[in-house]
Number of protein chains: 2
Amino acid sequence: MTVVELGDNLDSCAKVPNLKAVEFSKDLRFGLQNGKRFGPITAAYKTFGKLNKARDNAVLVFPTLTATQQAASEKSNGTVFPGWWQEIVGEGKPIDTRKFFVVCADHFGGCYGSTGPSSTNPDTGKPFGLNFPGFFIKDMANVTMEFLRQIGITKLRAVVGASIGGLLSLELAALDNAFAEKAIVVGASHRVSATYLALNYIAREAIMLDPAWNSGNYYGAEFPERGLSIARQIGHVSYLNQLILERKFGRQPVNGNFKQHVSLGLQYQVESYLDYQGKKFCKRFDPNSYIYLSKAIDTFDLEKEFGSIENAFSGSPTEFSFITISSDNLFLPSDTKELHSKLAECGVRSAYNGINSPKGHDGLFLEHEKIAPIIRKALKE
Amino acid sequence: MTVVELGDNLDSCAKVPNLKAVEFSKDLRFGLQNGKRFGPITAAYKTFGKLNKARDNAVLVFPTLTATQQAASEKSNGTVFPGWWQEIVGEGKPIDTRKFFVVCADHFGGCYGSTGPSSTNPDTGKPFGLNFPGFFIKDMANVTMEFLRQIGITKLRAVVGASIGGLLSLELAALDNAFAEKAIVVGASHRVSATYLALNYIAREAIMLDPAWNSGNYYGAEFPERGLSIARQIGHVSYLNQLILERKFGRQPVNGNFKQHVSLGLQYQVESYLDYQGKKFCKRFDPNSYIYLSKAIDTFDLEKEFGSIENAFSGSPTEFSFITISSDNLFLPSDTKELHSKLAECGVRSAYNGINSPKGHDGLFLEHEKIAPIIRKALKE
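This write-up is about the structure you can find in this document. If you're wondering where the values come from, they're calculated on a predicted model, not measured in any experiment. (Residues numbered from 1 in each chain as written. Chains lettered and ligands numbered in written order. Predicted model: local features only at pLDDT ≥ 70, side-chain atom pairs only at ≥ 80, totals over all residues. Heavy atoms only, no water.)

Some details on the side chain of A:Ser193
Phase 1 of the analysis: Mapped onto the fold, A:Ser193 is located in the loop between strand 14 (180-186) and helix 4 (194-209).
Phase 2 of the analysis: In this structure, A:Ser193 is in contact with A:Asn329, A:Leu330, A:Leu332 and B:Glu246, ignoring residues within four places of it in sequence. (Helix = DSSP H or I, 4+ residues; strand = E, 2+ residues; numbered from the N terminus. Contact = heavy atoms within 4.5 Å.)

Below, the structure is given as structure tokens:
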């Protein structure tokens, strides 16, 4: 099943080989949108392919909410590490690592090596937890640009991202018109839907309800597995194509036990699947990172931030490509289309590609056969 | 907004005037499907209209999962009590209380006066909590038929129900072919979808995660409001037409504060709405009842119970009418259609009415203008 493969790819990526890291803002010169200075900041990243001499073939791929730096698949010490976007990034793939120098870094606020709530607070010697500063998509994009400068990249052939990665791509392009020649934005727009706000809210409430969460102070103690599991499970039911759930599990009981009984334990395979997905997710993701990153998504609103889409992008030489999934209820295709139209109105080059698919927000991954040629074309032009 | 009106109707019904109650099985002669004898059992009910002399105009309306006995609206002591199905049940309505004697009883396992987990366990003098026996839709239907006999009704002109009420109507008709002349089943089929299993599972997990739930022993102590709220909120996002959520709330911040900030409190109106809905629900519903009733829904499967649809209904004189909402993802119209076809195949009279609507399972209420004439016709024929 495609969906499970996706989950499997993501989860098996939690151990990322050949990770690099760069530390900056030791002097706290990095300013956050909340007005405070913050540092040091570590960016943990991977690169695929080679930077050319002209240093003009770099492509930044932003991860999705919980994806690691392992965008492409990789063989290391005899082990194959699948990439979460391996149909799009890799040798001969649309983002061709024989041609492009692909950079993929863990989010600021993430938990795969970059500075986030689980990092040690230098002031206390203990993990930040909720003392980590609140941040916005703007902060995450600024941190990313600073990180790229630190590794010698001041210009991108393209910035590419799906979902929150798409928000970050848009934000980066808005903050510095000259940074990326192209921006490829998949399943994202200038604002999130009310549905996504609602689901993020419920997911956070579930995490914070777990007594083990303990106001964010669980590091070195019991992990708030039940709360984070529920958060993940809510995502699974909403993102997934429900027909797939139906076909795959239906009403099959666990252990083939068809005898009617009532138990608060796992009775049906669909419950067992959700339980498994929840627990697997807990092995690789930090609940506080989930809270902070979901908040960054919620607060993203380019019109509020820049006053208008025109203010954000007018005069930009960046070439935009948007890809949407018709049934996406987290980022509405109508919003993306509106953004595309506004860009075109103010003379910015923009292409809109709507994919007709019933697979919802997950279509970002599941429809890669339809997405691949669009990205290939966008990068060639 | 229709949706909020629905919620308001349901919630304002928590105080039900002119409630009647009947107690039976004091001698524990009532047997549950688990093999154990149980009693005493109280059924708390309301009636609308008058039973005729021939005692042949009774219509049983099963409540939905969390609805009270207040199916029709009513004026009592100068106060108007809205009915949760007032567009369908009432004077001049499709289930016309000038013509029919309408009975609506709280579910066995419920919390509006019928015996349930919050009732006093006669063996201990304390609320049952999780010591309440696990039960099935079959038990609920059997209790209902016994209750009807207790109030002198041994035959129904019709049994009518939506959602879990539809399951109960089907079960009653299968258990006793002669009990109901007609069965009108709205948004239900002989089995629940994998999606409904999944959502029920997550909702229960949220309730049980709340430390105040305390393994079901919270009566007289702190109420597990946060867990039950999350359970309710999951329902709200999944049942509701997400477009309505979008149009009603979008990204509007609370208090009109558009300044970008990050807070774990309520920042957006959609969050505030969910918080309000969750808390309001807590004022009228018992978390343990939610757990038990959702389990009864999960385990419902007429084919497993009777061996086949033919075994369950063959030779039945009951006349079935099914109404489905095309976008219902909790009970799939395709399942209902299959049930209808199987009934027709074994010579049982059955009519299938599919309503084309994007409103999902909530369409059961929201599409009452389309549902009303179908029920009116089914009862007239």
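Digging into the interface of chain B and chain A
Phase 1 of the analysis: Taken together, the contact pairs 57 residues of chain B with 57 residues of chain A.
Phase 2 of the analysis: When chain B packs against chain A, the two sides together hide about 5,100 Å² of surface, and 65% of this comes from carbon and sulfur.
Phase 3 of the analysis: Joining chain B to chain A, the criterion identifies six salt bridges.
Phase 4 of the analysis: Here B:Lys295 and A:Glu271 are joined by a salt bridge, their closest N and O atoms 4.0 Å apart.
Phase 5 of the analysis: In this structure, the connection of chain B to chain A is made through 18 residue pairs in polar contact (both at pLDDT 80 or more). (Buried area = accessible area lost by both parts, 1.4 Å probe. Salt bridge = Lys/Arg side-chain N within 4 Å of Asp/Glu carboxyl O. Polar contact = N/O pair within 3.5 Å; in protein donor to acceptor, adjacent residues only side chain to side chain.)

Considering the side chain of A:Thr47
Residues and elements named next belong to chain A.
Phase 1 of the analysis: Mapped onto the secondary structure, Thr-47 falls in strand 4 (residues 41-48).
Phase 2 of the analysis: Polar side-chain contacts of Thr-47 include one of 2.6 Å to the side chain of Lys-20.
Phase 3 of the analysis: Filtering out sequence-adjacent residues up to four positions away, Thr-47 remains in contact with Lys-20, Phe-101, Val-102 and Val-103.

Quick notes on the packing of helix 4 (residues 194-209) of chain B against helix 8 (residues 287-298) of chain B
In a pair of packed helices, the angle between the axes and the distance between the axes together describe the arrangement.
Residues and elements named next belong to chain B.
Phase 1 of the analysis: Contact geometry for helix 4 and helix 8: axes closest at 10 Å, N-to-C directions at 155 degrees. Accordingly, the angle class assigned to the pair helix 4 and helix 8 is roughly antiparallel. In the packing of helix 4 onto helix 8, the handedness of the crossing is left-handed. Mapping the contact onto sequence places Tyr-196, Leu-197, Asn-200, Ala-203, Arg-204, Ile-207 and Met-208 in helix 4 and Pro-287, Tyr-290, Ile-291, Ser-294, Lys-295, Ile-297 and Asp-298 in helix 8.
Phase 2 of the analysis: Looking at the contact of helix 4 with helix 8 residue by residue, the classes come out as nine nonpolar, two polar and three charged. (Axes fitted to C-alpha atoms, helices over the stretch in contact; angles between N-to-C directions. Parallel < 35°, antiparallel > 145°, perpendicular 65-115°, else oblique. Left-handed = near helix turned anticlockwise from the far one by under 90°. Nonpolar A, V, L, I, M, F, W, Y, C, P; charged D, E, K, R; others polar.)

Topic: the sheet that holds strand 1 (residues 20-24) of chain A
All names here are of chain A.
Phase 1 of the analysis: With mixed pairing, the eight strands of this open sheet are ordered in space as 1-4-10-5-13-14-15-16. Looking at which strands have only one partner, the edges of the open sheet turn out to be strand 1 and strand 16 (350-355). Averaged over all adjacent pairs, the angle separating strand axes in this sheet is 20 degrees, with direction ignored.
Phase 2 of the analysis: Pairing geometry for strand 5 (residues 58-62) and strand 10 (residues 101-105), over three bridges, is parallel. The residue of strand 10 that forms the bridge with Leu-60 is Val-103.
Phase 3 of the analysis: Strands strand 1, strand 4, strand 5, strand 10 and strand 13 (156-162) of the sheet are contacted by helix 2 (residues 137-150), whose axis makes an angle of about 105 degrees with strand 1.
Phase 4 of the analysis: Sheet contacts for helix 3 (residues 164-175): strand 5, strand 13, strand 14 and strand 15 (319-325); angle to strand 13, the most-contacted strand, approximately 145 degrees. (Pairing = 2+ DSSP bridges.)

A look at unusual backbone geometry
Residue and element names in this part refer to chain A.
Phase 1 of the analysis: Here the residue pair Gly-39 and Pro-40 is connected by a cis peptide bond, since its omega of -5 degrees sits within 30 degrees of zero.
Phase 2 of the analysis: A positive phi angle is found at Arg-55, which is not glycine, with a value near 55 degrees.
Phase 3 of the analysis: As for its position among the elements, Arg-55 is in the loop between strand 4 and strand 5.

Side note on the sheet that holds strand 16 (residues 350-355) of chain B
All names here are of chain B.
Phase 1 of the analysis: Taken in spatial order, the eight strands make up an open sheet running 1-4-10-5-13-14-15-16, and their pairing is mixed. Every other strand in the sheet has two partners, leaving strand 1 (20-24) and strand 16 as the edge strands with one partner each. On average, each strand axis in the sheet is tilted by 20 degrees relative to the strand beside it, whichever way the strands run.
Phase 2 of the analysis: Along the sheet face, helix 3 (residues 164-175) touches strand 5 (58-62), strand 13 (156-162), strand 14 (180-186) and strand 15 (319-325) and points at about 145 degrees away from the line of strand 13.
Phase 3 of the analysis: Here helix 13 (residues 368-380) sits on the sheet in contact with strand 13, strand 14, strand 15 and strand 16, set at roughly 170 degrees to strand 14.

Overview of helix 4 of chain A
Phase 1 of the analysis: With 16 residues, helix 4 of chain A should reach 22 Å at 1.5 Å per residue; the first-to-last C-alpha distance of 22 Å fits that figure.
Phase 2 of the analysis: Counting buried residues in helix 4 of chain A gives 16 out of 16 residues, a clear majority hidden from the surface. (Expected span 1.5 Å × (residues − 1). Buried < 20%, exposed > 50% of the residue type's maximum accessible area, 1.4 Å probe, protein only.)

Some points on the relation of the copies chain B and chain A
Phase 1 of the analysis: Each copy of the sequence occupies a distinct position, and chain B is placed on chain A by a rotation of 180 degrees and an axial shift of 0.0 Å, giving an RMSD of 0.0 Å. In the structure described here, the two chain copies are related by an operation that fits a two-fold rotation axis.
Phase 2 of the analysis: A symmetric contact is evident, with 100% of the interface residues of chain B recurring at the interface of chain A. (Least-squares fit on C-alpha atoms with pLDDT ≥ 70 in both.)

Looking at the nonpolar core
Buried together is how nonpolar side chains tend to be arranged in soluble globular proteins.
Phase 1 of the analysis: Within the largest apolar cluster, 182 residues are counted, with the highest numbers of intra-cluster contacts made by A:Phe313, B:Phe147 and B:Phe313.
Phase 2 of the analysis: In this view, B:Phe313 contacts B:Leu170, B:Ala173, B:Ala174, B:Leu302, B:Phe320, B:Leu339, B:Leu343 and B:Val348; residues no more than four positions away in its chain are not counted. (Core = buried A, V, L, I, M, F, W, Y, C linked by side-chain atoms within 4.5 Å.)

Points about the packing of aromatic side chains
Phase 1 of the analysis: For the coordinates displayed, the defined rule picks out 44 aromatic pairs over all chains.
Phase 2 of the analysis: Here A:Phe38 and A:Phe108 contribute two aromatic rings whose centre-to-centre distance is 5.9 Å and whose plane-to-plane angle is 80 degrees, an arrangement assigned as edge-to-face. Residue A:Phe38 is located in strand 3 (residues 37-38), and its partner A:Phe108 is located in the loop between strand 10 and strand 11 (120-121); the two are separated by 70 residues in the primary sequence. Of the two residues, A:Phe38 and A:Phe108, neither departs from the other in class, the shared state being buried.
Phase 3 of the analysis: Centre to centre, the rings of B:Tyr218 and B:Phe223 are 6.1 Å apart; their planes meet at 75 degrees, and the pair counts as edge-to-face. (Phe/Tyr/Trp six-rings, centres within 6.5 Å; stacked < 30°, edge-to-face > 60°.)

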